Structure formats: C-alpha cells, structure tokens
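Remarks on the overall topology
Residues per chain are reported as follows:
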Amino acid sequence: MRSSNPVFSRRGFSRDTGYAGFNAPPQAGGAANPYAGANPYATQAPQYAPQYAPQTRPMTMDDVVTRTGLTLGTVIAGATVGWIFLTGQLAFAIGAGLVAMVLGFVQSFMRKPVPALILGYAALEGVFLGALSGFINDLPKMNGAPMQAVLGTMAVFVAMLVAYKTRIVRVTERFTRFVMIAALGFVLLSLVNLLFMVFGGGDGLGFRSGGLGIVFGIVGVVLGALFLAMDFKHVEDGIAYGAPREESWLAAFGLTLTLVWIYWEMLRLIQILRD
C-alpha cells in the first residue's frame with residue numbers, strides 16, 4: 001500500500017514478500033495481509049528494493065518511539081533557538097526553512113534512512129518554526145497562539161492514535177487514495193493562492209483569511225490527522241512484517257513531517273480565528 005507521505009511512497013508491506021524487499025519470512029500464526037493481491041509491492045518490490053543483510057534486527061516499537069523522540073526533541077531545540085535569537089531575523093529563518101525542505105526532499109527519495117539528514121532537517125525546521133512562531137506571538141492579539149497550536153497538535157495526535165487503535169479509523173487502500181487526492185488538491189490550491197498573493201497582492205483567493213480561510217485551515221488539520229493514521233499503519237505493518245531496525249528512522253521522519261504539518265496548519269487557523 002502506498003502512502004501520500006513521501007517517506008513511505010516507495011515502501012509497502014506484504015506478508016508473502018516481506019517489507020519492500022526485506023524478504024522477511026511469514027510470521028507463524030499471523031493474520032493474512034488485508035492488502036494481499038492489491039499491494040503493488042507484492043510483485044514489484046523485489047525488482048528494485050534494496051536488499052538488507054538477513055541478520056538485521058527487526059524494528060520494534062521501542063526503536064520507533066526512541067527515534068521519534070530524538071527527532072522531535074531536535075525540532076524543539078531548534079525552535080527554542082529560533083524563538084530566542086531569530087524572531088526579528090525572518091530572512092535567516094526562511095533560509096533555514098528552505099534548506100530544511102531540501103534536506104527533507106533528499107531523504108524522502110533516498111532508499112535508506114540517513115540519520116544525519118533527518119536530524120539536520122529537524123534542527124533547521126525547528127529554527128524556522130521557532131522564529132516564525134515568535135514573530136506571530138509578538139503580533140497584536142496573537143500572544144499565546146503558538147502554545148495553543150502546540151496543545152492543539154498534541155490533542156490531534158492523541159485523538160487520532162485512540163481512533164486508530166480502537167479501529168474507528170481504518171487505513172485501507174480506498175482511504176489512502178482519498179487522502180492522496182485530497183492532499184494534492186489542498187497543496188495545489190495553496191500554491192495557486194500563494195501566486196495570487198505574490199502577483200495580485202492582498203489575500204489572494206482568500207484561502208487564508210475570513211470564513212473561507214477557516215474552512216481551509218480546518219481541512220488542513222484534518223488532512224494532517226489522516227496522515228497520522230497512515231503513519232501509524234506503516235509503523236504497525238513494519239513491526240509486524242519484520243522491517244529492519246534502521247527503518248525506525250524513516251518512521252520517525254514521517255511522523256515528524258506530519259506533526260510539523262499539523263502544527264503549522266493549526267497555528268494559521270488560530271491566527272485567522274483571532275483576527
């Protein structure tokens with residue numbers, strides 16, 4: 001099953017073939033893979049996926065939690081630096097954000113996780129978010145908005161985790177297609193709105209202000225929550241199907257990307273509501 005999250009876009013799981021070419025044997029007594037027959041990787045992955053040494057220890061939930069904590073901790077450390085030292089230097093902060101985006105794309109299209117790239121992305125993305133959050137916090141009527149966005153992001157994470165574990169939300173192939181199409185439409189509309197803002201001035205098409213902006217912001221947060229469900233699914237499948245331990249770095253990277261998305265959409269939504 002493919003994911004809209006670029007970290008997992010080339011990876012899939014199959015009880016028969018292992019995790020994207022990892023050749024993990026079927027687990028005794030395991031349930032049948034619900035995506036068997038529909039998973040494009042079940043026949044294609046061994047043709048191009050990297051081969052790992054069979055003695056590689058499988059990924060565990062502890063590995064995912066540890067590396068996710070390290071990656072998010074790096075984001076928080078970078079955000080602290082950005083908030084304290086770069087709130088008034090947005091040009092530098094935007095530069096850090098652009099470099100972080102480049103590092104994120106490079107890692108997304110690599111076949112193996114590179115911890116240095118992931119942590120570099122986390123640090124620079126944190127600097128960018130911290131500086132912009134500090135700037136927004138200093139605007140009239142915006143004091144405390146970043147903290148509200150943090151709390152809102154945590155609430156979305158917990159709510160989606162509960163919904164996923166209780167199977168209120170089920171990640172199926174149809175679910176994944178829907179999220180991918182919705183995310184593509186959201187990003188395209190955002191880019192069009194940005195172009196109208198740059199060349200036409202004002203609020204562009206109005207997707208980031210007023211009533212339409214509120215609706216657009218809510219859609220952005222909901223999409224982030226759906227991304228989280230897909231991330232949870234990939235972590236669960238990776239553990240169940242014997243993905244190698246190093247893949248926990250990709251799980252951490254994917255979760256970090258999604259949480260950054262939710263935080264940013266939440267912050268913009270709060271800013272619109274307060275205005």
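Look a little higher up for the structure.
Counting from 1, residues in each chain are numbered in the order their sequence is written. Where totals are concerned, whole chains, interfaces and linings use all residues; where local detail is concerned, this predicted model gives features only for residues with pLDDT of at least 70, and gives and counts side-chain atom pairs only at 80 or more. Excluded from the side-chain calculation are hydrogens and water; included are all heavy atoms of the structure.

1. A few points about the pattern of salt bridges
By convention in these notes, a salt bridge is any Lys or Arg side-chain nitrogen within 4 Å of a carboxyl oxygen on Asp or Glu. Applying the stated rule across the entire model yields six salt bridges. Where arginine 67 meets aspartate 63, a salt bridge forms, and the shortest distance between an N and an O atom there is 3.9 Å. Placement of the pair is arginine 67 and aspartate 63 together in helix H2 (residues 61-85), with a separation of four residues, close to one helical turn. Taking the shortest distance from any N to any O, the salt bridge between arginine 167 and glutamate 236 comes out at 3.1 Å. Taken together, the positions of arginine 167 in the loop between helix H5 (145-165) and helix H6 (173-200) and glutamate 236 in helix H7 (residues 210-240) put the pair 69 residues apart, joining distant regions of the chain. Where salt bridges share partners, they join Arg57, Asp63, Arg67 and Arg245 into one cluster. Every helix listed is a DSSP run of H or I at least four residues long, and every strand listed is a run of E at least two residues long, numbered separately from the N terminus.

2. Notes on the layout of surface pockets
Grid spacing is 1 Å over the protein atoms alone, the probe is 1.4 Å, and a cavity is where that probe fits but cannot get out, while a pocket is an open set with protein on both sides within 12 Å along at least five of seven lines and lining residues have an atom within 4 Å of a point. Grid points are joined across faces, edges and corners, and a volume is the space filled by probe spheres set on the points. Its boundaries defined by the atoms lining it, the largest pocket holds a volume of some 2,000 Å³. Surrounding the largest pocket, 46 residues form its lining, Met101, Trp261, Trp264, Glu265 and Arg268 being those nearest its centre. Put simply, the parts of the chain that give the lining of the largest pocket at least two residues each are helix H3 (90-108), helix H4 (115-137), H6, H7 and helix H8 (247-274). Its volume calculated, the second largest pocket comes out at about 960 Å³. If you trace the second largest pocket, you find 32 residues lining it, with Leu72, Ile76, Thr153, Met154 and Leu259 closest to the centre.

3. Quick word on the environment of arginine 208
Structurally, the position occupied by arginine 208 is in the loop between H6 and H7. Whether two residues are in contact is decided by their heavy atoms: any pair within 4.5 Å suffices. Filtering out sequence-adjacent residues up to four positions away, arginine 208 remains in contact with Phe186, Ser190, Asn193, Gly213, Phe216, Gly217, Glu265, Arg268 and Ile272.

4. What about the packing of aromatic side chains?
Whether two aromatic rings pair depends on their centres lying within 6.5 Å, for rings of Phe, Tyr and Trp, where Trp uses its six-membered ring; planes under 30 degrees apart make the pair stacked, over 60 edge-to-face, and the rest tilted. Applying the stated rule across the entire model yields seven aromatic pairs. Between phenylalanine 157 and phenylalanine 232 the ring centres are 5.6 Å apart and the planes differ by 80 degrees, which places this aromatic pair in the edge-to-face class. With a gap of 75 residues between them, phenylalanine 157 in helix H5 and phenylalanine 232 in helix H7 connect regions that are remote in the sequence. Burial classes: relative accessible area under 20% of the type maximum marks a residue as buried, over 50% as exposed, and values in between as partly exposed (1.4 Å probe, protein chains only). Look at phenylalanine 232 and you get buried, because its relative accessible area is 10%. With centroids separated by 5.7 Å and ring planes inclined at 45 degrees, the aromatic side chains of phenylalanine 186 and tryptophan 261 adopt a geometry described as tilted. Of the two residues, phenylalanine 186 sits in helix H6 while tryptophan 261 sits in helix H8, which places them 75 residues apart along the sequence.

Just distances and angles here, no functional claims.
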